[in-house]
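# Observations on the model geometry
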Amino acid sequence: MTKSPTPGSTPTARQAAAASGARGAQLLVGLIGGVFLLLIAAFVAMIFLVHDEVRLNAVGPIAAAPGAERGGVVFHGTANIWEVRGRLTQDSARQVSFAIDLVGPTAQPAPAGLQLSLSLERADGTGTPIALGHRLLRPGSLVATSAPLETGQWRLRLTLPEIEALQEFSVEP
């Protein structure tokens, strides 16, 4: 039989070590639980903080050629389930042409009835956006051409259901 301490008596060294170990375990469990709750809160906050915009990446330049005297850029990215592959070229009159392919997750082209729109806007947010009419070449492939643009930084906005894809470019004088 073990002798239990009587009230008012001092604890033994073994009891003090056990109490200290219990406090350490409680502290460790509290710390791990706090980190876990913080992680859950961060994931829940992401739902409210994530924007519905994605940036398309410039992959490489396009050399100047007839009809594209100012050259251009090839861009690529993913918008929702669609892989976006595009080409942007500028002619001598600062008119910008776009060719865009939308490919689905199983390499199928986007359906012809997919609701999408194209617009151009100043990268600094000044001015009103310019809607671009586009023409479907085949399912998933479209082309569009702008009117001559003023010099400066511009942004192409490709609006798809639930997400918008952005590609920035500059028009030189």
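Above this text sits the structure in question.
Residues numbered from 1 in each chain as written. Predicted model: local features only at pLDDT ≥ 70, side-chain atom pairs only at ≥ 80, totals over all residues. Heavy atoms only, no water.

## Considerations on the overall build of the chain
Looking only at helices and strands, the chain has 1 helix and 11 strands in total. Over its C-alpha atoms the chain spans a radius of gyration of 30 Å, topping by over 25% the 16 Å that the globule rule assigns to 173 residues. Each principal axis of the C-alpha distribution contributes one length, and for the chain these read about 100 × 35 × 30 Å. Taking all 173 residues of the chain together, 29% fall into the buried category. Considering only intrachain contacts with a sequence separation of at least 6, the fraction spanning at least 24 residues in the chain is 48%. Within the chain, the 13 negative side-chain charges are centred at a point lying 14 Å from the centre of the 13 positive side-chain charges. (Helix = DSSP H or I, 4+ residues; strand = E, 2+ residues; numbered from the N terminus. Rg over C-alpha atoms; globule rule 2.2 N^0.38 Å. Buried < 20%, exposed > 50% of the residue type's maximum accessible area, 1.4 Å probe, protein only. Contact = heavy atoms within 4.5 Å. Lys, Arg positive; Asp, Glu negative; His and termini not counted. Charge placed at Lys NZ, Arg CZ, Asp CG, Glu CD.)

## Considering the environment of Glu162
Mapping Glu162 onto the fold places it in the loop between strand S10 (152-160) and strand S11 (163-171). Classification of Glu162 as exposed rests on a relative accessible area of 69%. If sequence neighbours within four positions are ignored, Glu162 has contacts with Asp52 and Asn80.

## Focus on the pattern of salt bridges
Tallied over the entire structure, the rule returns 8 salt bridges. Here Arg157 and Glu53 are joined by a salt bridge, their closest N and O atoms 3.0 Å apart. Of this pair, Arg157 sits in strand S10 while Glu53 is found in strand S1 (residues 53-55), placing the two residues 104 residues apart along the sequence. For Arg157, a relative accessible area of 13% corresponds to the buried category. Overlapping salt bridges, with partners in common, bring together Glu53, Arg55, Glu121, Arg155, Arg157, Glu164 and Glu168 in one network. (Salt bridge = Lys/Arg side-chain N within 4 Å of Asp/Glu carboxyl O.)

## Here's the deal with the side chain of Arg155
On the secondary structure map, Arg155 appears in strand S10. Residue class for Arg155 comes out buried when judged on its relative accessible area of 12%. Side chain to side chain, Arg155 and Glu168 meet in a polar contact 3.2 Å long. Among residues more than four places away in sequence, those in contact with Arg155 are Arg55, Ser119, Leu120, Glu121, Arg122, Ala123, Leu166, Gln167, Glu168 and Phe169. (Polar contact = N/O pair within 3.5 Å; in protein donor to acceptor, adjacent residues only side chain to side chain.)

## Quick word on the nonpolar core
Among the nonpolar cores identified, the biggest contains 28 residues, and Phe98, Ile100, Leu102, Leu156, Leu160 and Phe169 are the most heavily contacted of them. At the level of elements, strand S3 (72-79), strand S4 (82-90), strand S5 (96-103), strand S6 (117-122), strand S9 (141-145), S10 and S11 are the ones that each hand at least two residues to this core. Those residues in contact with Leu160 that sit more than four places away from it in its chain are Ala79, Trp82, Leu102, Leu114, Gln115 and Leu116. (Core = buried A, V, L, I, M, F, W, Y, C linked by side-chain atoms within 4.5 Å.)

## Remarks on the sheet that holds S6
The sheet built from 5 strands is open, its strands ordered S1-S11-S10-S6-S7 with mixed pairing. Each edge of the sheet is formed by a strand with only one pairing partner; in this case those strands are S1 and strand S7 (130-132). Averaged over all neighbouring strand pairs, the angle between strand axes comes to 30°, with direction disregarded. Sheet topology places S6 next to S10; 6 bridges connect them, and they run antiparallel. Bridge pairing in S10 links Glu121 to Arg155. (Pairing = 2+ DSSP bridges. Axes fitted to C-alpha atoms, helices over the stretch in contact; angles between N-to-C directions.)

## A look at the sheet that holds S3
Spatially, the 6 strands line up as an open sheet ordered S2-S3-S4-S5-S9-S8, and their pairing is antiparallel. Two strands bound the open sheet, and with one partner strand each, they are strand S2 (57-62) and strand S8 (134-138). Taking each pair of neighbouring strands and ignoring which way they run, the sheet shows an average axis angle of 20°. Pairing geometry for S2 and S3, over 5 bridges, is antiparallel.

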